[in-house]
Amino acid sequence: MKLTNHDEYSAAVQRAAALSDAPEGTEQAAEFRTLTEAIRLWDEEHEGESSQGPEGETGLLRPDDLPFSGLPGNLGKLRKS
């Protein structure tokens, strides 16, 4: 999965937040892993851009705002699979 614009990125972040507590071995957990990898790639490709995103939107969740697996939400500290 490759995110190609800010709208897709925003939707992926919101969906990942909804799936963050999916039990291992489920389709939802697999979707969560796919989404977080796509989000990670987007962030790496767009490093240095405004935290508000290319369209200047505010109020969007960023990966570091999400509670992944009960952690404070730092996506960068998750192991890459």
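Figured I'd write up the structure that's included with this text. This is a predicted model, so every value here is computed, not measured.

1. Side note on the overall build of the protein chain
Phase 1 of the analysis: Helix and strand counts for the protein chain stand at 2 helices and 0 strands.
Phase 2 of the analysis: Looking at the protein chain residue by residue over its 81 residues, the buried ones come to 30%.
Phase 3 of the analysis: Considering only residue pairs separated by 6 or more positions, the protein chain has 56% of its internal contacts joining residues 24 or more positions apart.

2. Here we look at the nonpolar core
Phase 1 of the analysis: Counting residues in hydrophobic clusters, the biggest one holds 11 residues: L3, Y9, A12, V13, A16, L19, F32, L35, A38, I39 and W42.
Phase 2 of the analysis: Of all the elements in the fold, those that place two or more residues in this core are helix 1 (6–19) and helix 2 (27–45).

3. Let's talk about the pattern of salt bridges
Phase 1 of the analysis: One pass over the full model with this rule turns up 4 salt bridges.
Phase 2 of the analysis: One salt bridge connects K2 with E45, and the closest N-O pair in it is separated by 2.9 Å. Separated by 43 residues along the polypeptide, K2 in the segment before helix 1 and E45 in helix 2 bring together distant segments of the chain.
Phase 3 of the analysis: Relative accessible area serves as the criterion here: at 49%, E45 is assigned to the partly exposed category.
Phase 4 of the analysis: Where E24 meets R33, a salt bridge forms, and the shortest distance between an N and an O atom there is 3.4 Å.
Phase 5 of the analysis: On the basis of relative accessible area, R33 is assigned to the partly exposed category, the value being 38%.

4. Things to note about the side chain of S20
Phase 1 of the analysis: On the secondary structure map, S20 appears in the loop between helix 1 and helix 2.
Phase 2 of the analysis: Side-chain polar atoms of S20 contact the backbone oxygen of A17, separated by 3.1 Å.

5. Side note on the environment of E8
Phase 1 of the analysis: Considering the arrangement of structural elements, one finds E8 in helix 1.
Phase 2 of the analysis: Between the C-alpha atom of E8 and that of I39, which follows or precedes it by 31 residues, the distance is 9.7 Å.
Phase 3 of the analysis: Setting aside anything within four residues of it in sequence, one finds E8 in contact with K2 and L3.

Procedures and definitions
- Residues numbered from 1 in each chain as written.
- Predicted model: local features only at pLDDT ≥ 70, side-chain atom pairs only at ≥ 80, totals over all residues.
- Heavy atoms only, no water.
- Helix = DSSP H or I, 4+ residues; strand = E, 2+ residues; numbered from the N terminus.
- Buried < 20%, exposed > 50% of the residue type's maximum accessible area, 1.4 Å probe, protein only.
- Contact = heavy atoms within 4.5 Å.
- Core = buried A, V, L, I, M, F, W, Y, C linked by side-chain atoms within 4.5 Å.
- Salt bridge = Lys/Arg side-chain N within 4 Å of Asp/Glu carboxyl O.
- Polar contact = N/O pair within 3.5 Å; in protein donor to acceptor, adjacent residues only side chain to side chain.

All we've got here are geometric facts, nothing functional implied.
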